[in-house]
Amino acid sequence: MSRLLIIGPPGSGKGTQAHRLSEQLGIVEISTGDMFRTHLAAHTPLGIQAEKYLDSGDLVPDHVTTAMVRERLSRQDVTKGFLLDGYPRTVAQMNDLDAILKGTGNALEAVLEVTVGDEEIVRRLLLRAGIEGRTDDTEDVIRHRLRIYREETEPVIAHYAERGIVVRVDGAADIDRVTASARKGIETVMARTAT
Ligand code: ADP
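Residues numbered from 1 in each chain as written. Predicted model: local features only at pLDDT ≥ 70, side-chain atom pairs only at ≥ 80, totals over all residues. Heavy atoms only, no water.

1. Remarks on the overall build of the protein chain
- Each helix and strand counted, the protein chain has 8 helices and 5 strands in total.
- Reading the helices (α) and strands (β) of the protein chain from amino to carboxyl end gives β-α-β-α-α-α-β-α-β-α-α-β-α.
- Computed over C-alpha atoms, the radius of gyration of the protein chain comes to 16 Å, within 12% of the 16 Å expected from 2.2 N^0.38 for 195 residues, which places it in the range of a compact globule.
- The contacts in the protein chain between residues at least 6 apart in sequence include a share of 73% that link residues at least 24 apart. (Helix = DSSP H or I, 4+ residues; strand = E, 2+ residues; numbered from the N terminus. Rg over C-alpha atoms; globule rule 2.2 N^0.38 Å. Contact = heavy atoms within 4.5 Å.)

2. Overview of the site of the ligand
- Around the ligand lies a shell of 19 residues, among which T32, D58, G86, Q93 and R145 are the nearest.
- A distance of 2.6 Å separates an oxygen atom of the ligand from a polar atom in the backbone of D58.
- Q93 is positioned with one of its side-chain polar atoms (N or O) 2.8 Å from a nitrogen atom of the ligand.
- The fraction of the free accessible surface of the ligand (550 Å²) that becomes covered by protein chains is 97%. (Near = heavy atom within 4 Å. Polar contact = N/O pair within 3.5 Å; in protein donor to acceptor, adjacent residues only side chain to side chain. Areas by Shrake-Rupley, 256 points an atom, 1.4 Å probe, with all protein chains shown as cover.)

3. Observations concerning the pattern of salt bridges
- For the coordinates displayed, the defined rule picks out 18 salt bridges.
- A salt bridge links E71 to R75; the shortest N-O distance between them is 3.0 Å.
- With a shortest N-O distance of 2.9 Å, D136 and R134 are connected by a salt bridge.
- Where salt bridges share partners, they join R128, R134, D136, D137 and R145 into one cluster. (Salt bridge = Lys/Arg side-chain N within 4 Å of Asp/Glu carboxyl O.)

4. Side note on helix α7 (residues 139-162)
- Over its 24 residues, α7 runs 34 Å from end to end, which matches the ideal 34 Å to within 8%, given 1.5 Å per residue.
- Along α7, the sharpest change in direction is near 40° and occurs at T153; proline P155 comes one to four residues later.
- Buried within α7 we find V141, I142, R145, L146, I148, Y149, T153, V156, I157 and Y160.
- Where α7 is buried, its residues contact β1 (2-7), α3 (45-56), α5 (91-104), β4 (110-115), α6 (118-132) and β5 (166-170).
- The positive-phi residue at the C-terminal boundary of α7 is G164, with phi of around 75°. (Expected span 1.5 Å × (residues − 1). Bend = angle between axes of the 7 residues up to and from the residue. Buried < 20%, exposed > 50% of the residue type's maximum accessible area, 1.4 Å probe, protein only.)

5. Notes on the pairing of β4
- Of all 6 residues making up β4, 5 are buried, and the element is well covered by its neighbours.
- Of the pairings in the sheet, the one linking β1 to β4 comprises 4 bridges and is parallel in character. Residue pairing across strands places L4 opposite A110, the latter belonging to β4. (Pairing = 2+ DSSP bridges.)

6. Some thoughts on the confidence of the model for the protein chain
- The share of residues in the protein chain with pLDDT of 70 or more is 99%, and the mean pLDDT across the chain is 95.
- Mean pLDDT values for the elements of the protein chain range from 90 in α6 up to 98 in strand β2 (residues 28-31). (pLDDT = per-residue confidence, 0-100.)

7. Topic: the side chain of S2
- Locating S2 in the fold gives a position in strand β1.
- Owing to a relative accessible area of 10%, S2 belongs among the buried residues under this scheme.
- In contact with S2, not counting residues within four places along its chain, are I27, K80, G81, F82, E109 and M190.

8. Some thoughts on the side chain of T90
- With respect to the secondary-structure elements, T90 resides in the loop between β3 (81-85) and α5.
- Among the residues examined, T90 registers a relative accessible area of 5% and is labelled buried.
- Aside from chain neighbours lying at most four places away, what touches T90 is L59, D62, E152 and V156.

9. Brief notes about the sheet that holds β2
- The sheet built from 5 strands is open, its strands ordered β2-β3-β1-β4-β5 with parallel pairing. Strands at the two margins of the open sheet, each flanked by one partner only, are β2 and β5. On average, adjacent strands in this sheet sit at an angle of 20° to one another, irrespective of strand direction.
- Where α7 meets the sheet, it contacts β1, β4 and β5, and its direction lies at approximately 145° from that of β1. (Axes fitted to C-alpha atoms, helices over the stretch in contact; angles between N-to-C directions.)

Set out below in structure tokens:
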């Protein structure tokens, strides 16, 4: 049973790692970016509401995102553990998540921070743009998302660090190595908090 969060700038490879880790650990992956993109593709009311934010690289309003996550965390399959990817991304969302998890008596156990420098991020995302065609992978929008990450999301990491549950891995290393250090780091933090 693990309750985890993976956090990192756009292009850090956190989606890839979230996928691998959730599979290896047998827990559900909850990616708010993927959830929004699924809604968008299906033209649901939530997708239509989120579209302009995703396209411009802005954050969807906190209350909208939190409502979506609250519903997701109320489902049965999260009782074995979960890996959040992309939420919380603001201090307000972090407080919302604390309140949601408090209701279930299940606080987050470890936060995995994936770090990568700005220029490498822009390089990777422009490369991805040519492959996946995500509408938010243009240079201006990438730099905007990065700025939001530094301003809104990094303070969230600082709060979790005060709780002693942050594990940091170098996202510039190769994929397998990142997964391996992530698993080791998560185990260490969980062993520490279990006592
Ligand atoms: P990346 O980390 O590459 O920016 P994501 O797939 O995690 O990509 O998110 C894509 C977009 O989805 C964000 O730019 C934002 O518009 C929206 N989004 C995802 N998670 C959140 C969140 N927690 N709060 C607000 N908006 C979000």
